Amino acid sequence: MQRIRTSLVFLFLLATAFTLVPSEAQAQFFAFGKNRVQYTDFDWRYIQSEHFDIHYYDAKNYYLAEFTAYSLEAALRQLSADFRHEINDRISVIIYDSHIDFSQTNVVPLPVNSEGIGGVTDKFKNRITIPFMGNYADYRQVLHHELVHAVFNDMFYGGTIQSIVQNNIQLVFPLWFEEGLAEFTSIGWDTDTDMFMRDLTVSGILVPIPQMGGFLAYRGGQTFWYFIQDVYGREKIGEILQRIRTTRSVEAGLRQSTGLSMTDLNTQFHDWLKKRYWPEVTKRENLKDFATHLTVRELGGSFNTSPAISPQGDRIALITNRRGYFDVVVMNAVTGRVMKTLIRGNDNVDFEELNILRPNLTWS
């Protein structure tokens, strides 16, 4: 019986340890003996704040470590008030001053293509591992986001693998719940999510809350918590989490806090979205009435993103995977005809991967 129980806990840990890592990372986790190659010798050192141990390397990164400590302490004060919880143990934070260095880490198992990962919090030792991408505002937001996961680990799982095993904790939060809360508490409400949810609502393709997965788990989950604040008040966040802590059930915690079943809560959420966005239909023109669709969806789906219009307005550079690999191409802004391929990605020795989340395409 003890062996079966331990196995179940181990499987639970595997299922919850990759909150911000794509599923292929889990496959790599089982590739024993294949540690990531470290090309750099890191001269590690650390500083301490009231609640955090900040690990960094090289004296030049001391300011970044100090900024990290101040940002995390400020975020923790907000989360302690929102969640009604004080953390029990110190939290370790490992920072890298670039994504290139971050990709060499052995602290957590990263997938081979990790460029889209902005930070990871592991449940094994409740550590935050994060790269600095050159933008302090974005860095502060990702720190806050990852801290939500660390506080969740401390609040619901005891903060260590030993606590999970001893208490046989099997509570697993849906992606939309935890990632959405991490997004909402770190950035509040933003125009990108507003645009995303408006398009979904106006197009009539809303899905039930429990089915919000993938990218929608982040945007839809963030919107759900904005809805909770708008309808019930921000203090309802802490009440929901405390109810879940007592009942060990997400659905029971939501039901006891709002008085609604998941079905009724979903109906209220969708009605709230419709009241917010349906009036937009009368305010805006239909794109088909004044615009031309330039990109073509290939059989099986294709990805066209990050357009950058030339100064003259006659050409558009964009990232596309229409040939099966991500490339940077230039198309005619009038006809949509692809004029040239600037960069062949993925299968090119000079460009192993292209950052589709922060492409920074521009014209010169």
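Since we're looking at a predicted model, the values are computed, not measured.

Conventions we followed
Residues numbered from 1 in each chain as written. Predicted model: local features only at pLDDT ≥ 70, side-chain atom pairs only at ≥ 80, totals over all residues. Heavy atoms only, no water. Core = buried A, V, L, I, M, F, W, Y, C linked by side-chain atoms within 4.5 Å. Buried < 20%, exposed > 50% of the residue type's maximum accessible area, 1.4 Å probe, protein only. Helix = DSSP H or I, 4+ residues; strand = E, 2+ residues; numbered from the N terminus. Contact = heavy atoms within 4.5 Å. Lys, Arg positive; Asp, Glu negative; His and termini not counted. Salt bridge = Lys/Arg side-chain N within 4 Å of Asp/Glu carboxyl O. Pairing = 2+ DSSP bridges. Axes fitted to C-alpha atoms, helices over the stretch in contact; angles between N-to-C directions. Polar contact = N/O pair within 3.5 Å; in protein donor to acceptor, adjacent residues only side chain to side chain. Parallel < 35°, antiparallel > 145°, perpendicular 65-115°, else oblique. Left-handed = near helix turned anticlockwise from the far one by under 90°. Nonpolar A, V, L, I, M, F, W, Y, C, P; charged D, E, K, R; others polar. Phe/Tyr/Trp six-rings, centres within 6.5 Å; stacked < 30°, edge-to-face > 60°.

### Re the nonpolar core
Judged by nonpolar contacts, the single largest core of 62 residues is most densely connected at Phe83, Leu147, Phe177 and Phe224. With 11 residues, helix α5 (residues 136–157) is the largest single contributor of residues to this core. Excluding residues within four positions of it along the chain, Leu147 makes contact with Phe52, Leu72, Ala75, Leu76, Leu79, Ile91 and Ile128. Membership of the second largest hydrophobic core comes to 9 residues, among which are Phe42, Phe102, Val108 and Ile117.

### Let's talk about the side chain of Arg198
The residue Arg198 is located in helix α8 (residues 191–203) in this model. Here Arg198 sits buried without a salt bridge, and the closest side chain of opposite charge, Asp199, lies 4.1 Å off (N-O distance). Apart from the residues lying within four places of it in its own chain, the contact partners of Arg198 are Tyr277, Glu280 and Arg284.

### Overview of the sheet that holds strand β9 (residues 338–344)
Spatially, 4 strands are ordered β6-β7-β8-β9 in an open sheet, and the strand pairing comes out antiparallel. One side of each edge strand has no neighbouring strand; the edge strands of this open sheet are β6 (304–309) and β9. Taking the axes of each pair of neighbouring strands and ignoring which way they run, one obtains an average angle of 25° across the sheet. Alignment of β6 against strand β7 (residues 315–320), held across 4 bridges, turns out to be antiparallel. Residue pairing for β7: Ile309 is matched across the bridge by Ile316.

### Remarks on the environment of Leu76
With respect to the helices and strands, Leu76 occurs in helix α3 (residues 62–83). For Leu76, a relative accessible area of 4% gives the class buried. The spatial distance from the C-alpha of Leu76 to the C-alpha of His51 is 8.8 Å, given a sequence separation of 25 residues. If sequence neighbours within four positions are ignored, Leu76 has contacts with His51, Phe52, Ile87, Leu147 and Val151.

### Quick word on helix α11 (residues 250–258)
If you check which residues of α11 are buried, you get Val250, Ala252, Gly253, Leu254, Ser257 and Thr258. Where α11 is buried, its residues contact α7 (175–187), α9 (215–232), α10 (235–247) and α12 (262–277). Two to three positions downstream of the cap, the backbone nitrogen of Ala252 sits 3.1 Å from a side-chain oxygen, assigning the N-cap of α11 to Ser249. Of the residues trailing α11, Gly259 is marked for its positive phi of about 80°.

### Describing the pairing of β9
By the bridge criterion, 5 bridges tie strand β8 (residues 327–332) to β9 in an arrangement that is antiparallel. The residue bridging Val330 from the neighbouring strand is Lys340, located in β9. Counting the residues between successive antiparallel strands, the hairpin from β8 to β9 contains 5 residues, one of them, Gly336, with a positive phi of roughly 85°.

### Details of the packing of α7 against α10
In a pair of packed helices, the angle between the axes and the distance between the axes together describe the arrangement. At their nearest, the axes of α7 and α10 sit 13 Å apart, and the two run at 150° to each other. The pairing of α7 with α10 is recorded here as roughly antiparallel in orientation. The element α7 and its partner α10 pack so that their crossing is left-handed. Of the residues in α10, those in contact with Phe177, Leu181 and Phe184 of α7 are Ile237, Ile240, Leu241 and Ile244. Its residues placed into classes, the contact of α7 with α10 shows 7 nonpolar, no polar and no charged.

### Overview of unusual backbone geometry
One non-glycine residue, Asn126, lies in the positive phi region at around 55°. Here Asn126 lies in the loop between β4 (120–122) and β5 (127–131).

### Some words on the pattern of salt bridges
Within this structure, the stated rule accounts for 11 salt bridges. Note that Lys60 is salt-bridged to Asp97, the shortest N-O span being 2.7 Å. Placement of Lys60 in the loop between β2 (52–57) and α3 and of Asp97 in the loop between β3 (91–96) and α4 (99–102) is noted, with a sequence separation of 37 residues between them. Its relative accessible area of 60% is what places Lys60 among the exposed residues. The shortest N-O distance in the salt bridge between Glu239 and Lys236 comes to 3.2 Å. Taken together, the residues span about one helical turn, with Glu239 and Lys236 both in helix α10 at a distance of 3 residues.

### Quick word on the packing of aromatic side chains
Applying the stated criterion to the full structure yields 34 aromatic pairs. Measuring from centroid to centroid gives 6.1 Å for Tyr96 and Phe102, while their planes differ by 70°, and the two rings are edge-to-face. Relative accessible area serves as the criterion here: at 3%, Tyr96 is assigned to the buried category. A relative accessible area of 0% places Phe102 in the buried class.

### Some points on the packing of α8 against α9
Axis separation between α8 and α9 bottoms out at 10 Å; the angle between their running directions is 100°. Judged by the inter-axis angle, α8 sits roughly perpendicular to α9. Facing Thr193, Phe196, Met197 and Leu200 of α8, the residues of α9 in contact are Phe215, Leu216, Arg219, Gly220, Gln222 and Thr223. Per-class residue counts for the contact of α8 with α9 are 5 nonpolar, 4 polar and 1 charged.

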